[in-house]
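Inside the fold
What follows is the residue order along each chain.
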Amino acid sequence: MAIVSLLDVSLSFGGAPLLDRVNLQLDRGERVCLVGRNGAGKSTLMKIIAGELSPDKGQVFRTPGAVIATLRQEVPVDLTGTVLSVIEGEGGSYEQHNDWERHDRVERLVEKMGLPAAMEFSALSAGQKRRVLLARGLVEEPQLLLLDEPTNHLDLESIQWLEEFLLEWGGALLFVTHDRAFLRKISTRIVEVDRGQLVGWQCDYNTFLARKEAVLAAEEVERAQFDKKLAQEEVWIRRGVKAQRSRANNRIHALEKMRAERTARRDRAGTAKMTAQEADRSGFKVISCEAAGFRYDDRWIVRDLTTRIERGDKIGIVGPNGAGKTTLLRLLLGQIAPQAGKVEQGTRLEIVYFDQLRAQLDETMRVQDAVADGNATVTINGRTRHVISYLEDFLFDPTRARTPIKALSGGERNRLLLARLFTKPANVLVLDEPTNDLDAETLELLEDLLVEFGGTVLLVSHDRAFLNEVCTSLLVYEGEGTFNDYIGGYDDWQRERAVRAAEAAAALERAKRALKEPGAFVGEKKKRKLSNKERAELEVLPKTIESLEAEQVKLSETLADPAFFRKGGADVARSTARLHEIETELPVAYARWSELEG
C-alpha cells in the first residue's frame, strides 16, 4: 500500500524545471535511495514529499494519518536541553499531556540506542547527536522516514550501527547518500533524479551503474542520429521547397517539430575533469616515526607510533570521531612536535592539504577569485588557462564561477576546494574527509585521480568504498592513542581483524581453562624458560584480571542505574569510556596469561 504518491508533479525556481511532470510511489517496507548529481533536485523532492514545499503543478497524495519524519544532514545549532527532553520534542514532557504510551516509547528508544538520557545534548559527539535526532523522529512512530545524507560526519562505528538499526526497524525509508557501501547495504530500490525526470531502477547499485551506462550510450547514439537527420532537413529547407505542396508542408511541419524537440532537449551536465598538478618527485622516504607520541594534559592522543611512509604510498587513517586523526596528521606533517619518540619528514616534500573544516575558503570571495587569488588565469602542469575555463572542469558554469562562496552548497564547496588545491604543485596530498557532500560520479573521479597520482596520499575518511579503492594500507585507531598498520583497504582490514579476533578468542578460552585447571596445558608442548621479569608479570596477572573483571561488573551496574545519569554528562562519559577500555584490556591480559603460562 502506498504511503505517498506523486502524480505529474512539476517544480521550477525560474530556470529549467528541477522536476518536470514526475511520478513516484513509496510503499510500506521499501528502502528507496535517491541518486543524482549535486543540484539535481533530490533534497527538493524530499521536501515536497514531507509537505514542506508545494509543487507548481501536479498532486501529492498521502495516506490519511500517515506520519512522515525527516532527519536532515545539519544538526540544529540552537537545540538545547537533555537528551531526554530533545527526544520528547516541543510541547513539553509526558506529564503535561498524560501521554504515558509516548513516554514508554521514548524510554525504549533511549535504551535501544544506548543514549545517556540525562546528558546535555550540546555535550554529545556528532554521531550521538544524530542518534538523538533519529530517536526524536522515530518516537512519533512514522510510516516513512526521510534521511538526507545520514552518514555525513559519522565515524565507521556510528555508520555501521545506523545500518543495522535501519535494517531492523523495518519501516519505509527514502534516503539520499554519497556513501556507496551504505547504499548497497540498505536500499531495495534506486530512483534517479536526472534532468527533471525520475527513473526507477529495481536492482542493486552495481547493476544500476552498468545499466545506466548502457542507457546513456544508447541515448548518445539516438541523439547523434536525430541531430544528423535535423541537419539534413535544415539543408533541404535552405535549398528551397521543390516537392508537391502537401508533401512539402508535411516535411516542413516535421522539421518544425524536430526544431522544437531539439530546443527542449536537456543535455546531461558535463563530467568533472580533475587533474592534480604534480611537483617534482619527493625523496623515497616521506615520513618516518619511531615510538612517537603526543598528548594533551594527561591523555595520549598518539602513543608509541612506529611507522614508515614511502613515496607512492596511499595511507588511509581510520578511527572514531574525536580519536585524534587530525592531530595524527599534524604530527606526521611536522606541524606539531612529538612529546615522545621522533618524527622525521623526508626531502623535497611539496604538501597540499585539504582541510576538513574548509577553513581555507573565504566566504566573502567570489568562486573564481578563491581559485586564482584574484588573477584571470591559472597555470596547470605548465599550461596557462583562463580561470573560468578551468572551473568548468569542476562543473562551475561561468555564472556560478562569479558567485560568492557563501552561496555555494556543500558539494560545490568541496569541488571548489579541490579545484583550488589542484592548482598547486604537490607530491604529497593530504585529504581530511574529502568525500562529504560529493555525488557518486565526482567521488569516482577523485578516486581515479588519487590512484593515478604519482606522489603520496594521506587520507582521513569514513567512506568504506573510497578507502577500498584508494588505499594501499591503513593506520587504524585501536584505543588509548594507539594507531596500528594494516595492509590494504577497508575490506582487507576487516578480514584481518576477524582473524585476529578469532585468535584472541581462542587464546582467551585457553587462558580461562588454565586459570581453572593450573598445569593442564603444560604437557602439550615444552614450556620455555621465563625471564625474571616475565615470572614477576605472571605472578600479578591473575590479580590484574580479577581486578579488571570486578571493575567491569561495577561499572556495568552503575551505568544500568537511571539515577546515575542525573549526575551529569562528565561522569557518564568517563564511566562509559573506562568500560570500553576494560573491554579492550581484558582479552589482552588473558592472552598474555595464556602465553606466559605456556
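Everything below is about the structure printed above this text.
Small disclaimer: the values here were computed from a predicted structure and weren't measured.

Things to note about the overall build of the protein chain
Helix and strand counts for the protein chain stand at 19 helices and 20 strands. Seen through its C-alpha atoms, the protein chain measures out along the principal axes to roughly 110 × 70 × 50 Å. For the protein chain, the residues scored as buried account for 45% of the 598 residues in total. Residue pairs in contact within the protein chain that sit at least 24 positions apart in sequence constitute 68% of those at least 6 positions apart. When the 85 positive and 94 negative side-chain charges of the protein chain are each reduced to one mean point, those points stand 5 Å apart.

Quick notes on the sheet that holds strand β3 (residues 31-35)
Strand order in the open sheet made by the six strands is β5-β6-β7-β3-β8-β9, with mixed pairing throughout. Among the strands making up the open sheet, the edge pair consists of β5 (68-71) and β9 (197-201). Direction aside, neighbouring strands of the sheet carry axes that sit 20° apart on average. Contacting β5 and β6 (144-148), helix α5 (residues 126-138) crosses the sheet at an angle of about 170° to β5.

Description of helix α6 (residues 156-169)
In this model, α6 (14 residues) spans 20 Å end to end at C-alpha, consistent with the 20 Å of a helix rising 1.5 Å per residue. Considered for burial, the residues of α6 that qualify are Leu-156, Ser-158, Ile-159, Trp-161, Leu-162, Glu-163, Phe-165 and Leu-166. Following α6 by one or two positions, Gly-170 has its phi on the positive side, about 85°.

Comments concerning the nonpolar core
Of all hydrophobic cores here, the largest spans 48 residues; its most connected members are Leu-391, Leu-416, Phe-422, Leu-429 and Leu-450. Residue contacts for Leu-429: discarding those within four places in its chain leaves Val-352, Phe-422, Leu-449, Leu-450, Phe-453, Thr-456, Val-457 and Leu-458. The next biggest cluster of nonpolar side chains, apart from the first, holds 40 residues, and it includes Leu-133, Leu-173, Ile-190 and Cys-203.

What to know about a negative patch on the surface
A contiguous patch of negative charge, built from Glu-101, Asp-104, Glu-107 and Glu-111, is present on the exposed surface. Along the chain, Glu-101 turns up in helix α4 (residues 100-112). By relative accessible area, which is 61% here, Glu-101 ends up exposed.

Re the sheet that holds strand β14 (residues 351-354)
Reading across from one edge, β14-β17-β18-β12-β19-β20 is the order of the six strands in this open sheet, with mixed pairing throughout. Each end of this open sheet is capped by a strand with a single partner; those strands are β14 and β20 (483-487). For this sheet the average axis-to-axis angle between neighbouring strands, irrespective of direction, equals 15°. Seen against the sheet, helix α10 (residues 325-332) touches β12 (314-318), β14, β17 (428-432), β18 (456-460), β19 (473-477) and β20 and runs at an angle of roughly 140° to β12.

Structural notes on the packing of aromatic side chains
Here the structure, examined in full by the defined rule, presents nine aromatic pairs. Note on Tyr-477 and Phe-483: the rings are 5.3 Å apart at their centroids and 65° apart in plane angle, and the pair reads as edge-to-face. Assigned by exposure class, Tyr-477 and Phe-483 land together as buried. Their ring planes at 80° and their centres at 5.6 Å tell us that Tyr-490 and Trp-493 sit as a pair that is edge-to-face. Here Trp-493 and Tyr-490 lie together in helix α17 (residues 490-516), a separation of three residues that amounts to about one turn.

Observations regarding the pattern of salt bridges
Two side chains bearing opposite charge may form a pair once their charged atoms approach each other closely. Considering all chains together, one arrives at 28 salt bridges under this definition. The partner of Arg-180 in a salt bridge is Asp-463, and the shortest N-O contact between them spans 3.9 Å. One end of the pair, Arg-180, is in helix α7 (residues 180-186); the other, Asp-463, is in the loop between β18 and α16 (464-470), and 283 residues separate them in sequence. In this pair, the class of Arg-180 matches that of Asp-463, namely buried. Among the ionic pairs, Asp-492 bridges to Arg-495, the shortest N-O distance being 2.7 Å.

Focus on the pairing of strand β10 (residues 285-296)
Here eight bridges tie β10 to strand β11 (residues 299-310), and the two strands are oriented antiparallel to one another. Paired with Cys-289 across the two strands is Thr-307, which belongs to β11. In this structure, the hairpin formed by β10 and β11 is closed by a connection of two residues, where Asp-297 is found at a positive phi of approximately 55°. Pairing of β10 with strand β13 (residues 340-345) involves five bridges; the strand directions are antiparallel. Following the sheet pairing, Gly-293 is matched in β13 by Ala-340.

Quick notes on the side chain of Asn-152
When you line up the elements, Asn-152 lands in the loop between β6 and α6. The exposure class assigned to Asn-152 is buried, which follows from its relative accessible area of 2%. A polar atom in the side chain of Asn-152 sits 3.4 Å from the side chain of His-178. Asn-152 has contacts with Gln-73, Arg-130, His-178, Asn-436 and Asp-437, leaving out every residue within four places of it along the chain.

Here's the deal with the side chain of Ser-5
Along the polypeptide, Ser-5 turns up in strand β1 (residues 2-11). Not counting residues within four places of it along the chain, the set of residues in contact with Ser-5 comprises Leu-24, Gln-25, Gln-59, Val-60 and Phe-61.

Some words on the environment of Lys-424
Note on placement: Lys-424 falls in the loop between α14 (410-421) and β17. Residue class for Lys-424 comes out partly exposed when judged on its relative accessible area of 30%. When the C-alpha atoms of Lys-424 and Thr-379 are compared, they prove to be 9.0 Å apart, with 45 residues separating the residues in sequence. With near-sequence residues (within four places) excluded, Lys-424 lies in contact with Gln-277 and Val-352.

Describing unusual backbone geometry
Notably, Arg-21 is not glycine yet its phi reads approximately 55°, a positive angle. Within the secondary structure, Arg-21 is located in strand β2 (residues 19-27). Since its relative accessible area comes to 52%, Arg-21 is described here as exposed. At Glu-480, a position not held by glycine, the phi torsion is positive, near 55°. Along the polypeptide, Glu-480 turns up in the loop between β19 and β20.

Focus: α5
In this model α5 runs 19 Å from its N-terminal to its C-terminal C-alpha over 13 residues, within 8% of the 18 Å that 1.5 Å per residue would give. The buried count for α5 comes to ten of 13 residues, which makes it a mostly enclosed element. Taken together, the buried positions of α5 are Gly-127, Lys-129, Arg-130, Arg-131, Val-132, Leu-133, Leu-134, Ala-135, Gly-137 and Leu-138. Packing partners of the buried residues in α5 comprise β5, α2 (83-88), α4, β6 and α6.

Thresholds applied
Residues numbered from 1 in each chain as written. Predicted model: local features only at pLDDT ≥ 70, side-chain atom pairs only at ≥ 80, totals over all residues. Heavy atoms only, no water. Helix = DSSP H or I, 4+ residues; strand = E, 2+ residues; numbered from the N terminus. Buried < 20%, exposed > 50% of the residue type's maximum accessible area, 1.4 Å probe, protein only. Contact = heavy atoms within 4.5 Å. Lys, Arg positive; Asp, Glu negative; His and termini not counted. Charge placed at Lys NZ, Arg CZ, Asp CG, Glu CD. Pairing = 2+ DSSP bridges. Axes fitted to C-alpha atoms, helices over the stretch in contact; angles between N-to-C directions. Expected span 1.5 Å × (residues − 1). Core = buried A, V, L, I, M, F, W, Y, C linked by side-chain atoms within 4.5 Å. Patch = residues over 30% accessible without salt bridge, like charges linked within 9 Å, V, L, I, M, F, W, Y side chains within 5 Å. Areas by Shrake-Rupley, 256 points an atom, 1.4 Å probe, with all protein chains shown as cover. Salt bridge = Lys/Arg side-chain N within 4 Å of Asp/Glu carboxyl O. Phe/Tyr/Trp six-rings, centres within 6.5 Å; stacked < 30°, edge-to-face > 60°. Polar contact = N/O pair within 3.5 Å; in protein donor to acceptor, adjacent residues only side chain to side chain.

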